[in-house]
Amino acid sequence: MGSPLINLHNISYQYEQTKALIDINLTIAEGDFLAIIGPNGSGKSTLLKIILGLLKPTSGEVLLFGKPVNQFKEKERIGYVSQKSNSFNTGFPATVTEVVRSGLVKKTGLFHRYPANVNKQVRQALKSVGMDEYSMKNIGDLSGGQQQRVFIARALISNPNVLILDEPTVGVDSKNVKSFYNMLSHLNREHNITIVLVTHDVDAVSKSISHVACLNQRIHFHGFKNEMDQMSDEQLEAWYGHAVRKVDHQSEVKS
Amino acid sequence: MIDSIFHYEFLQNAFASGLIIGFIAPLLGVFIVVRRLSLIADALSHVTLAGIAGSLYLSQSVGALALLNPLYLGIVASVTGSLFIERLRRLYKHYEELAIPIIMSAGLGFGAIFISLAEGFSSDLFSYLFGSVSAVSRQDLWIIIGIALIVIVFLSLFFKELFVLSFDEEYAKASGLPAKWIHVLFMIVTALVIAGSMRIVGILLVSSLMTLPVAAAMRISKSFKQAILLSVIFGELSVIVGLVSAFYLDLAPGGTIVVTSIIILLLTIFSKKIGSKGAVSG
Ligand SMILES: Nc1ncnc2c1ncn2[C@@H]1O[C@H](COP(=O)(O)OP(=O)(O)O)[C@@H](O)[C@H]1O
Ligand SMILES: [Mg+2]
């Protein structure tokens, strides 16, 4: 197990009326492939936004790479693919290259131009998601799954240590979901990118992941995916409200 | 002789201003359109009207201000309006678009009061509403040049950040960009361009020059770069054709410029249809 990259200590979050998260403690270590699962409205997106510093927790502390989130300046080390990317403005006149290049915006810095070799970096990032043939296409002309890969390339171009994805397979047709997760597996294993993923495809993702967190306001389970069947029926009930299929623990586990 | 030099200068002012506006308005307009802020541009132009009318009234009633260029108060009103819109958008978080009718009515309300308070500037007012070939002064031209420089500096400093902000605001924030500040600067620059463009196209049609060329460009461009290039080309084309025809036909340039850009828009829609149907004889 690698060193901890993300630490959440006693995080709670309250929207104006809704209590979204209660007393979350979670450590994500280098090399983890964590799936956060839970019913709709269980606070999954909120949790990711807190990790990213997009929302300030009502109480508790977030550490990124050991630093409090508001003091952490190297945001380019964390790549983010938001849930809303699925429904971005498809009429936007931009090529795949222009979109992927924009992933370097923070690393390049205010008042600076993109580096001279930016096109090479774009090609590499697109290659790692299998989209190198589409570099000149208009982003709006791609399928949902292809767009999602482009957004991952945009996140990858700054060489992040962590990739955070919020329901990336919504809008991806089922036959492409598997190859999508294989690609994430590859990034996790071969490029040692830590992955945090919110998903509903528990079965499809189970081969790729190393860890699971079961969330419903609180974390009801967090651990290796093959330990998930240690959850008692009461825990399952508290988490999902009714019995659910546990993650298939027969599949290989990353060591 | 003196007469023709005089004519030469007013035409010079109008055309130089027009060419500058035809460049910066669509350039900024690309970001306005893709960020879905077109209606905000419209609201700001109405606020500019309040500033212009207020200034015209002041120069009538306060002797010391008789020679005040109304553009200055127009700019002040427009920039103030842009900051108010941001404030309102945050106040009504779940009804952001409510800021637009609020600011628009405020602008028109104050405008109407100042217009009725002051008397006898109906011809002035007409030129502010619909633009004018003859009313652009040297001083107006200098102000417009100043605004253009600000726009160009702003866009060259923040181009890549504005792209990210326009394409995906949440991603911009997650990347740690100072999204809020860039947006506020963007709104101020937009307010400046609106006030500056108003002399040529008129208050009621300012936002058209920021949106119509962009709407046409977006129909046929494959990349963001191309969208910007085509928007500027269409904007310049509209201004040149519009100003020349306004001059020879003695029409308000706001009208001729906007109608030209509508024709360009229709042509792009039409050409795309032909293109997508494949070869069409004729
Ligand atoms: N911007 C918001 N304002 C108020 N309540 C919100 C907002 N976003 C989410 N919520 C509420 O917070 C809870 C958690 O939402 P979310 O994190 O989006 O859940 P999930 O991603 O698991 O579906 C839900 O009850 C949701 O209605
Ligand atoms: Mg969600």
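These numbers were taken from a predicted model, which means no experiment stands behind them. (Residues numbered from 1 in each chain as written. Chains lettered and ligands numbered in written order. Predicted model: local features only at pLDDT ≥ 70, side-chain atom pairs only at ≥ 80, totals over all residues. Heavy atoms only, no water.)

### Considering the overall build of chain B
On a plain count of helices and strands, chain B comes out with eleven helices and zero strands. Taken from the N to the C terminus, the helices and strands of chain B come in the order α-α-α-α-α-α-α-α-α-α-α. Relative to all contacts within chain B whose residues are 6 or more apart in sequence, the contacts with residues 24 or more apart total 78%. Counting every atom, chain B has about 12800 Å² of accessible surface; 71% of that belongs to carbon and sulfur. Computed over 17 positive and 15 negative side-chain charges, the inter-centroid distance for chain B is 13 Å. (Helix = DSSP H or I, 4+ residues; strand = E, 2+ residues; numbered from the N terminus. Contact = heavy atoms within 4.5 Å. Areas by Shrake-Rupley, 256 points an atom, 1.4 Å probe, with all protein chains shown as cover. Lys, Arg positive; Asp, Glu negative; His and termini not counted. Charge placed at Lys NZ, Arg CZ, Asp CG, Glu CD.)

### Here we look at the overall build of chain A
Of regular secondary structure, chain A possesses eight helices and ten strands. If one aligns the C-alpha atoms of chain A with their principal axes, the spans along those axes are about 55 × 40 × 35 Å. Taking all 255 residues of chain A together, 53% fall into the buried category. Counting contacts in chain A only where the partners sit at least 6 residues apart, residues at least 24 apart contribute 66% of the total. Element-wise, carbon and sulfur atoms account for 46% of the exposed surface of chain A, whose accessible area totals about 11600 Å². With 28 positive and 24 negative side-chain charges, chain A shows a separation of 8 Å between the mean positions of the two kinds. (Buried < 20%, exposed > 50% of the residue type's maximum accessible area, 1.4 Å probe, protein only.)

### Some details on a positive patch on the surface
Residues R219, K222, K272 and K273 of chain B make up a contiguous surface patch of positive charge. Relative to the assigned elements, R219 of chain B resides in helix 9 (residues 206–220). (Patch = residues over 30% accessible without salt bridge, like charges linked within 9 Å, V, L, I, M, F, W, Y side chains within 5 Å. Salt bridge = Lys/Arg side-chain N within 4 Å of Asp/Glu carboxyl O.)

### A look at the pattern of salt bridges
Residue and element names in this part refer to chain B. This structure, assessed with the given rule, holds eight salt bridges over all chains. One salt bridge connects R89 with E86, and the closest N-O pair in it is separated by 3.6 Å. A residue pair is termed a helical-turn pair when its members lie 3 or 4 positions apart in one helix, as R89 and E86 do in helix 3 (residues 70–91) at three residues. The exposure class assigned to R89 is buried, which follows from its relative accessible area of 18%. Residue classification places E86 among the buried positions, given a relative accessible area of 7%.

### A word on the interface of chain A and chain B
Listed as interface residues are 32 residues of chain A and, on the opposing side, 28 residues of chain B. With both sides pooled, the region where chain A packs onto chain B buries about 2600 Å², and carbon together with sulfur makes up 65% of that total. Looking only at chain A, the three residues that lose the most surface to chain B are F92, P93 and V105 of chain A, adding up to 24% of its buried area. The salt bridge involving E16 of chain A is made with K93 of chain B; its shortest N-O contact spans 3.4 Å. At the boundary of chain A and chain B, one finds nine residue pairs in polar contact (both at pLDDT 80 or more). (Buried area = accessible area lost by both parts, 1.4 Å probe. Polar contact = N/O pair within 3.5 Å; in protein donor to acceptor, adjacent residues only side chain to side chain.)

### Structural notes on helix 1 (residues 44–52) of chain A
All names here are of chain A. In terms of burial, helix 1 is a largely internal element, eight of the nine residues being buried. Those residues of helix 1 that fall on the buried side of the exposure criterion are K44, S45, T46, L47, L48, I50, I51 and L52. One or two positions beyond helix 1, positive phi appears at G53, with a value near 80 degrees.

### Some details on the packing of helix 6 (residues 138–167) of chain B against helix 8 (residues 179–201) of chain B
All names here are of chain B. Two numbers describe how helix 6 lies on helix 8: the axes approach to 9 Å, and their chain directions differ by 150 degrees. The angle between the axes of helix 6 and helix 8 places the two elements in the roughly antiparallel class. Once helix 6 is placed against helix 8, the crossing between them reads as left-handed. Here D140, I144, I147, I150, V151, F154, F158, E161, L162 and L165 of helix 6 come into contact with helix 8, specifically with A179, I182, H183, L185, F186, V189, L192, V193, G196 and R199. Tallied by class, residues from the contact of helix 6 with helix 8 come to 15 nonpolar, two polar and three charged. (Axes fitted to C-alpha atoms, helices over the stretch in contact; angles between N-to-C directions. Parallel < 35°, antiparallel > 145°, perpendicular 65-115°, else oblique. Left-handed = near helix turned anticlockwise from the far one by under 90°. Nonpolar A, V, L, I, M, F, W, Y, C, P; charged D, E, K, R; others polar.)

### Let's talk about the packing of helix 2 (residues 38–61) of chain B against helix 4 (residues 99–117) of chain B
Residues and elements named next belong to chain B. Packing of helix 2 against helix 4 brings their axes to within 8 Å, and their N-to-C directions diverge by 20 degrees. The angle between helix 2 and helix 4 falls in the class roughly parallel. Pair helix 2 / helix 4 crosses with left-handed handedness. Of helix 4, the residues touching helix 2 (which contributes L39, I40, D42, A43, H46, V47, L49, A50, A53, G54 and Y57) are I100, I103, M104, G107, L108, F110, G111, F114, I115 and L117.

### Re the environment of S82 of chain A
Summarising the element assignment, S82 of chain A is placed in the loop between strand 6 (78–81) and helix 2 (96–101). A relative accessible area of 3% places S82 of chain A in the buried class. On a C-alpha basis, the gap between S82 of chain A and I152 of chain A in space is 10.0 Å, while along the polypeptide they are 70 residues apart. If near-sequence neighbours (up to four positions away) are discounted, S82 of chain A is found in contact with D166 of chain A together with E170 of chain B. Among the polar contacts listed, one links the side chain of S82 of chain A to the side chain of E170 of chain B, at a separation of 3.4 Å.

### Quick look at the UniProt feature "transmembrane region" (unreviewed entry) in chain B
Look at the UniProt record and you will see "transmembrane region" (unreviewed entry) annotated at residues 14–34, 64–86, 98–121, 141–165, 227–248 and 254–271 of chain B. Secondary structure content for residues 254–271 of chain B is 100% helix and 0% strand, while the C-alpha to C-alpha distance between its ends is 26 Å. (UniProt positions renumbered as here; feature names shortened; annotations may be inferred.)

### A short note on the sheet that holds strand 7 (residues 162–166) of chain A
Residues and elements named next belong to chain A. Strand order across the open sheet formed by six strands is 6-7-8-3-9-10, with mixed pairing between neighbours. The sheet terminates laterally at strand 6 and strand 10 (218–224), the two strands that pair on one side only. Mean inter-strand twist for the sheet, computed between neighbouring axes without regard to direction, equals 15 degrees. By the bridge criterion, six bridges tie strand 9 (residues 211–216) to strand 10 in an arrangement that is antiparallel. Pairing of A213 across the sheet is with H222, part of strand 10. (Pairing = 2+ DSSP bridges.)

### Re the pairing of strand 2 (residues 19–29) of chain A
Looking down a regular strand, the side chains alternate between one sheet face and the other. Residues and elements named next belong to chain A. When strand 1 (residues 4–14) meets strand 2, the two strands line up antiparallel, connected through seven bridges. Bridge assignment links N7 to a residue of strand 2, and that residue is T27. A loop of four residues connects strand 1 with strand 2, the two strands running antiparallel in sequence.

### What to know about the site of ligand 1
All names here are of chain A. Every residue lining ligand 1 is accounted for by Y15, T18, A20, P39, N40, G41, S42, G43, K44, S45 and T46. The separation between an oxygen atom of ligand 1 and a polar main-chain atom of G41 is 2.8 Å. K44 places a side-chain nitrogen or oxygen 2.8 Å from an oxygen atom of ligand 1. Considering ligand 1 on its own, with 560 Å² of exposed area, one finds that the protein chains cover 61% of that surface. Broken down by element, the residue count for the shell around ligand 1 peaks at three residues, all from helix 1. Broken down by class, the residue content of the shell around ligand 1 amounts to three nonpolar, seven polar and one charged. (Near = heavy atom within 4 Å.)

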